[in-house]
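Reading the structure
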Amino acid sequence: MTTSSSERGVSLGMPELPAPAYPDDVRARLETDAREVIARYPDSRSALLPLLHLVQSEEGHVTRTGMRFCADMLGLTTAEVTAVATFYTMYRRRPSGDYQVGVCTNTLCAVMGGDAIFEELQEHLGVGNGETTDDGKVTLEHIECNAACDFAPVVMVNWEFFDNQTPESAKRMVDDLRAGRPVAPTRGAPLCTFKETARILAGFPDERDGAVEATGSAGPASLVGLKLAKGEAPARVVHPRGETPRDTPPHEPSPTEHLSSHDAPQDTSASDPSHPAGPVAEEGE
């Protein structure tokens, strides 16, 4: 009697076996939801992104079983589905926490304190980037931009905004999440779990009381910038630090000008005789 290489514990580098299927009841429920999503698109292939959110809402991350399901529903290969699932960082490839805590460490948030927040949260939670706390509550990660620079430094939890954070406020927030205490975003809809968020991103309505009404819009800082751009607010020239403003009347831009502090008159070699252009000494001196 011979034994196979797998029985002897020897790996020959063979590809993985096909992913297991969902249990029949789960498959039936997901198929109903998937058909509803697919019907929204003239080309079924376009439904791949929301379907990946759908299977993520089932298990908390995109498993091989979930990718096989998407491929079956859309008539794609698992390789095609895997290529998409591994491209977008919004799809998790391994088990993660109920709350995805993302700290922006892009330029503005970083210099305003984002780097310090991320470092202190790693120490406070005892996890590294992309890792999950032992209780399965919080997954910590640094992200490149939350598109909320007006409120730097910004932390997001399951894609909801927590603006103008500090290391202390961020640590209180994750402690509350782990303890099951209510946590309210700075703006936007009430917080829900990552699985619930994934189902909403799949295109299904948020049925929680007051969730839709609470979504809101941009914050005050963003709206001020919009008013400046539309000419609905006076432009303000910001002088360099330490410079005493000159006693000159404010710049009154025309309606066609782009209203920005960068549009204010600047001292150049042509307009400032005390700073001429060119070398300050003759060549060879």
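Below: a short report on this structure. What you see is a predicted model, and the numbers here were worked out from it, not measured in a lab. (Residues numbered from 1 in each chain as written. Predicted model: local features only at pLDDT ≥ 70, side-chain atom pairs only at ≥ 80, totals over all residues. Heavy atoms only, no water.)

1. Topic: the pairing of strand S1 (residues 99-104)
Quick note on the threshold: Exposure classes here rest on a 1.4 Å probe applied to the protein chains alone. A residue is buried below 20% of its type maximum, exposed above 50%, and partly exposed in between. Helix and strand labels come from DSSP, where a helix needs a run of H or I of at least four residues and a strand needs a run of E of at least two; each type is numbered from the N terminus. When DSSP locates at least two bridges between a pair of strands, those strands are taken to pair.
Most of S1 sits inside the fold, with six of its six residues counted as buried. Side chains of S1 alternate between two faces, with Tyr99, Val101 and Val103 and Gln100, Gly102 and Cys104 buried alike. Strand direction decides the pairing type here: S1 and strand S3 (residues 138-143), joined by six bridges, are parallel. Across the sheet, residue Val103 finds its bridge partner in S3, namely His142.

2. Some remarks on the packing of helix H3 (residues 64-74) against helix H4 (residues 78-85)
Just so we agree on the cut-off: An axis is simply a line fitted to the C-alpha atoms; with a helix, the fit covers only the stretch in contact. Between two such axes, the angle follows the N-to-C directions and lies from 0 to 180 degrees. Here the word oblique covers every angle except those under 35 degrees (roughly parallel), over 145 (roughly antiparallel) and from 65 to 115 (roughly perpendicular). Helix crossings fall into two classes, left-handed where the near helix is turned counterclockwise from the far one by less than a right angle and right-handed where it is turned clockwise. When checking whether two residues touch, look at their non-hydrogen atoms; a contact exists if any pair is within 4.5 Å. For this scheme, ten residues count as nonpolar: Ala, Val, Leu, Ile, Met, Phe, Trp, Tyr, Cys and Pro. Four count as charged, namely Asp, Glu, Lys and Arg, and the remainder, Gly too, count as polar.
Axis separation between H3 and H4 bottoms out at 9 Å; the angle between their running directions is 120 degrees. One way to sum up the angle between H3 and H4 is to call them oblique. The hand of the H3/H4 crossing is right-handed. Contacts from Met67, Arg68, Cys70 and Ala71 of H3 reach H4 at Thr78, Val81, Thr82 and Ala85. When its residues are assigned to classes, the contact of H3 with H4 shows five nonpolar, two polar and one charged.

3. Re the pattern of salt bridges
Opposite charge on two side chains permits pairing when their charged atoms draw close. The line we're drawing: The salt bridge criterion pairs a side-chain nitrogen of Lys or Arg with a carboxyl oxygen of Asp or Glu, the two atoms within 4 Å.
According to the stated counting rule, one finds 14 salt bridges in the structure shown. Across the pair Arg35 and Glu31 runs a salt bridge, and its minimum N-O distance is 3.2 Å. On the criterion of helical spacing, the pair formed by Arg35 and Glu31 is a turn pair, its members being four residues apart in helix H1 (residues 24-38). Linking Asp206 and Arg208 is a salt bridge whose minimum nitrogen-to-oxygen distance equals 2.7 Å. On the basis of relative accessible area, Arg208 is assigned to the partly exposed category, the value being 27%. Through salt bridges that share partners, Arg27, Glu31, Arg35 and Asp72 make up one connected network.

4. Here we look at the side chain of Gln165
We apply this condition: Within 3.5 Å is the distance limit for a polar contact, defined as a pair of N or O atoms, with the added protein rule that one can donate a hydrogen and the other accept it, and that residues adjacent in sequence qualify only through two side-chain atoms.
Mapping Gln165 onto the fold places it in the loop between strand S5 (160-162) and helix H6 (167-179). At a separation of 3.0 Å, a polar atom in the side chain of Gln165 contacts the main-chain carbonyl oxygen of Asp163. Separated by 3.0 Å, the side chains of Gln165 and Ser169 make a polar contact. Apart from residues no more than four positions distant in its own chain, Gln165 is found in contact with Ile117, Pro153, Val155 and Ala170.

5. Topic: helix H2 (residues 48-59)
Note the threshold: Here the expected length of a helix is defined as 1.5 Å per residue gap, with one fewer gap than residues.
Here H2 contains 12 residues, and its C-alpha end-to-end distance of 17 Å stays within 8% of the 16 Å for a straight helix at 1.5 Å per residue. With nine of 12 residues buried, H2 lies mostly within the body of the structure. Regarding H2, the residues found buried are Leu48, Pro50, Leu51, Leu52, His53, Leu54, Val55, Gln56 and Ser57. On its buried side, H2 packs onto H1, H3, H4 and helix H7 (194-201). Looking one or two residues past H2, Gly60 carries a phi angle of roughly 85 degrees, positive in sign.

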